[in-house]
Amino acid sequence: MPQKVRISSSAVSRSIPTEVGVKAAEIASDLAEANGIVCALAGGIAMHIYGFTRATTDVDLIASEKLPLTSKKKLTFGGESYRIKVGKREVQVDAIVRNDELTAIYQAALADALETDANVKIISPEWMAILKHLAGRAKDKLDLIWLLQQDGLVNRKRIQKNLVKAIGKQSAFFVYEEMKSEFDYADFLKMRERAK
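Trainee: So what exactly am I meant to see when it comes to the nonpolar core here?
Mentor: Side chains of nonpolar character tend, in soluble globular proteins, to be buried together. Ranked by size, the top nonpolar core spans 62 residues in total, and within it Leu 41, Val 59, Ile 123 and Ile 159 carry the most contacts. Here this core gets seven residues from one element, more than from any other, and that element is helix α8 (residues 169-195).

Dropping the structure here:
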């Protein structure tokens, strides 16, 4: 008899549905706006909005400064983690305020954020692609390849322009060159899928 795998109820309950994540972002954005802070959705919930639904356990916001909430922990790369109540659920919201070599890129991504039909801004697909490339974790690479495979979602020339604007022509050249292999891989996967 095959061994059964137990599904952890805590693992299932930690995953955030899109509507809960958006509501938590809306609450945080309203508070931020009331205090002169700019913030925009990034991370898993932003990917949900762009059409790629994957499990996520928190809401990531890029912010111009820390939110006026009680911090649960500091983020190692800059920013704070908070808990926001949405209905009966407490949602972890990470407000990312970079304080390292990527600060200029995150600030430029925030400055170019797009409006949504909720009271929440979202990082553009081009900036999402850049941030996913720079994060470099396995889940970020999956998100990046998915973004690049979608017809009409990511303007690759705009990626290059965004990089030049944020970090200058020389540094942008190297980052964009690194990204070309990801463009090629996304194109290969898209062609393979269409050939089926």
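Resuming the write-up.
Trainee: What's the story with the pattern of salt bridges in this structure? I'm lost.
Mentor: Side-chain pairing between opposite charges can occur once the charged atoms of the two side chains come close. Scanning the entire structure with this criterion turns up 16 salt bridges. Lys 74 is the salt-bridge partner of Glu 80, the closest N and O atoms lying 3.0 Å from each other. A relative accessible area of 5% places Glu 80 in the buried class. Residue Asp 151 pairs with Lys 190 through a salt bridge whose shortest N-O separation is 2.8 Å. Of this pair, Asp 151 sits in the loop between α6 (138-149) and α7 (156-167) while Lys 190 is found in helix α8, placing the two residues 39 residues apart along the sequence. The exposure class assigned to Asp 151 is exposed, which follows from its relative accessible area of 57%. The network of salt bridges with shared partners includes Arg 54, Lys 132, Arg 137, Asp 140 and Asp 143.

Trainee: Looking at this model, I keep getting lost on the pairing of strand β1 (residues 39-42). Mind explaining?
Mentor: A regular strand places its side chains so that they alternate between the two faces of the sheet. Side-chain alternation along β1 places Cys 39 and Leu 41 on one buried face and Ala 40 and Ala 42 on a second face that is also buried. Here four bridges tie β1 to strand β2 (residues 58-63), and the two strands are oriented antiparallel to one another. Within β2, the residue paired with Ala 40 across the bridge is Ile 62.

Trainee: Got a minute to help me understand the packing of helix α2 (residues 18-34) against helix α3 (residues 43-50) in this structure?
Mentor: When two helices pack together, their arrangement is captured by the angle between the axes and the distance separating the axes. Contact geometry for α2 and α3: axes closest at 10 Å, N-to-C directions at 120°. Looking at the two axes, α2 sits oblique to α3. Crossing of α2 against α3: the hand is left-handed. In this structure, α2 contributes Thr 18, Gly 21 and Val 22 to the contact, and α3 contributes Ile 45, His 48 and Ile 49. Residues that form the contact of α2 with α3 fall into these classes: three nonpolar, three polar and no charged.

Trainee: Would you mind going over the layout of surface pockets with me for this structure?
Mentor: Left-over empty space is what a probe sized like a water molecule reveals as it rolls over the atoms. Space inside the largest pocket adds up to approximately 520 Å³. Around the largest pocket sit 27 residues that line it, and Asp 60, Phe 77, Ile 96, Tyr 106 and Arg 137 are the ones nearest its centre. Broken down by secondary-structure element, the contributors of at least two residues to the lining of the largest pocket are α3, β2, β3 (73-74), β5 (89-96), α5 (125-135) and α6. Of all the elements, α5 adds the most residues to the lining of the largest pocket, at five residues. Looking at the lining of the largest pocket residue by residue, the class counts come to 11 nonpolar, five polar and 11 charged. What the second largest pocket holds in volume is close to 170 Å³. It is α2 that contributes the most residues to the lining of the second largest pocket, three residues altogether. Residues belonging to the lining of the second largest pocket are distributed by class as follows: six nonpolar, two polar and three charged.

Trainee: Sorry if this is basic, but what is going on with the packing of aromatic side chains here?
Mentor: Each pair of aromatic rings is reported with the distance of its centres and the angle of its planes. Within this structure, the stated rule accounts for three aromatic pairs. Ring plane angle 15° and centroid distance 5.2 Å describe the contact between Phe 52 and Trp 146, whose orientation is recorded as stacked. Of this pair, Phe 52 sits in the loop between α3 and β2 while Trp 146 sits in helix α6, placing them 94 residues apart in sequence. Judged by relative accessible area, which is 15%, Trp 146 ranks as buried. Between Phe 173 and Phe 174, the ring centres sit 5.4 Å apart and the planes meet at 80°, which makes this aromatic pair edge-to-face. Cation over ring: Arg 98 sits above Tyr 106, and NZ or CZ is 4.8 Å from the ring centre.

Parameters at a glance
Residues numbered from 1 in each chain as written. Predicted model: local features only at pLDDT ≥ 70, side-chain atom pairs only at ≥ 80, totals over all residues. Heavy atoms only, no water. Core = buried A, V, L, I, M, F, W, Y, C linked by side-chain atoms within 4.5 Å. Buried < 20%, exposed > 50% of the residue type's maximum accessible area, 1.4 Å probe, protein only. Helix = DSSP H or I, 4+ residues; strand = E, 2+ residues; numbered from the N terminus. Salt bridge = Lys/Arg side-chain N within 4 Å of Asp/Glu carboxyl O. Pairing = 2+ DSSP bridges. Axes fitted to C-alpha atoms, helices over the stretch in contact; angles between N-to-C directions. Parallel < 35°, antiparallel > 145°, perpendicular 65-115°, else oblique. Left-handed = near helix turned anticlockwise from the far one by under 90°. Contact = heavy atoms within 4.5 Å. Nonpolar A, V, L, I, M, F, W, Y, C, P; charged D, E, K, R; others polar. 1 Å grid on protein atoms, 1.4 Å probe; cavity = no way out; pocket = protein on both sides within 12 Å on 5 of 7 lines; lining within 4 Å. Points joined across faces, edges and corners; volume = space filled by probe spheres on them. Phe/Tyr/Trp six-rings, centres within 6.5 Å; stacked < 30°, edge-to-face > 60°. Lys NZ or Arg CZ within 6 Å of the ring centre and 35° of its normal.

Don't take any of this as a statement about function, it's just geometry.
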